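What follows is each chain in one-letter form.
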Amino acid sequence: MLLDSLTLWVAARISAGADGRMVLASLDVFLRKSETFEIPFIVVSDEVGLGVVPESESGRYFRDVLGLANQRVAVAAGEVHLCVAGIPVRVK
């Protein structure tokens, strides 16, 4: 099963009026349920913390919420890979 992309999922939740705590709480529920999946589950997300700090407050807020979401998914994951210039680098 593939979730592509966590970035868009977080953005859609925030655009619909959810605050960061609500977004992360729903993600936590989803991650707990995903433990029961009998098939491999892959989450694709953008890395937004390595670049320029967004100028707008809303951009910084989104970056922070997505960063926390990425951290939670990484903790729950059996493997974590970062793709750099199209080359996968195993992180966990």
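Reading the values: rules and limits
Residues numbered from 1 in each chain as written. Predicted model: local features only at pLDDT ≥ 70, side-chain atom pairs only at ≥ 80, totals over all residues. Heavy atoms only, no water. Helix = DSSP H or I, 4+ residues; strand = E, 2+ residues; numbered from the N terminus. Rg over C-alpha atoms; globule rule 2.2 N^0.38 Å. Pairing = 2+ DSSP bridges. Axes fitted to C-alpha atoms, helices over the stretch in contact; angles between N-to-C directions. Parallel < 35°, antiparallel > 145°, perpendicular 65-115°, else oblique. Left-handed = near helix turned anticlockwise from the far one by under 90°. Contact = heavy atoms within 4.5 Å. Nonpolar A, V, L, I, M, F, W, Y, C, P; charged D, E, K, R; others polar. Buried < 20%, exposed > 50% of the residue type's maximum accessible area, 1.4 Å probe, protein only. Arc of directions from axis to C-beta. Polar contact = N/O pair within 3.5 Å; in protein donor to acceptor, adjacent residues only side chain to side chain. Expected span 1.5 Å × (residues − 1).

Asks: Please provide a residue-by-residue account of the overall build of the protein chain, values included.
Replies: Along its length, the protein chain carries 3 helices and 4 strands. In sequence order, the protein chain lays out its α and β elements as β-α-α-β-α-β-β. On C-alpha atoms alone, the protein chain measures out to a radius of gyration of 14 Å, which is about the 12 Å that the 2.2 N^0.38 rule sets for 92 residues. Based on the C-alpha atoms only, the size of the protein chain along its principal axes is roughly 40 × 30 × 20 Å.

Asks: Could you give an account of the pairing of strand β4 (residues 87–90), naming the residues involved and the relevant values?
Replies: Here 4 bridges tie strand β3 (residues 81–84) to β4, and the two strands are oriented antiparallel to one another. If you follow H81 over to β4, its bridge partner there is R90. Where β3 hands over to β4, the hairpin turn is made up of 2 residues, of which A85 adopts a positive phi near 55°.

Asks: Got a sec to walk through the packing of helix α1 (residues 6–15) against helix α3 (residues 57–76)? Specific residues and values, please.
Replies: Where α1 meets α3, the closest approach of the two axes is 10 Å, and the angle between their N-to-C directions is 130°. Compared by their axis directions, α1 and α3 come out oblique. α1 and α3 meet at a crossing whose hand is right-handed. Residues L6, T7, V10, A11 and I14 of α1 form the contact with α3, whose own contacting residues are Y61, F62, V65, L66, A69, N70 and V73. Its residues assigned to classes, the contact of α1 with α3 comprises 10 nonpolar, 2 polar and no charged.

Asks: Can you tell me about α1, naming the residues and giving the values?
Replies: For α1, the set of buried residues is L6, T7 and V10. In an axial view of α1, the angular spread of the buried residues amounts to 105°, which keeps them on one side of the axis. α1 presents L8 and S15 as exposed residues on the side facing more than 90 degrees away from its buried surface. Contacts made by the buried residues of α1 are with β1 (2–4), α2 (20–34), β2 (42–44) and α3. The N-cap residue of α1 is S5: its side-chain oxygen and the backbone nitrogen of T7 are 3.1 Å apart.

Asks: How would you sum up α2? Please name residues and give values.
Replies: An α-helix turns once every 3.6 residues. As a result, residues three or four positions apart point the same way. With 15 residues, α2 should cover 21 Å at 1.5 Å per step; its first-to-last C-alpha distance of 21 Å lies within 8% of that length. Listed as buried for α2 are G20, V23, L24, L27, L31 and S34. Taken around the axis of α2, the buried residues stretch over an arc of 90°, which confines them to a single face. Exposed side of α2, more than 90 degrees from the buried face: R21, R32 and K33 are the residues found there. Looking at the buried positions of α2, the neighbouring elements they touch are α1 and α3. The N-cap residue of α2 is D19: its side-chain oxygen and the backbone nitrogen of R21 are 3.2 Å apart.

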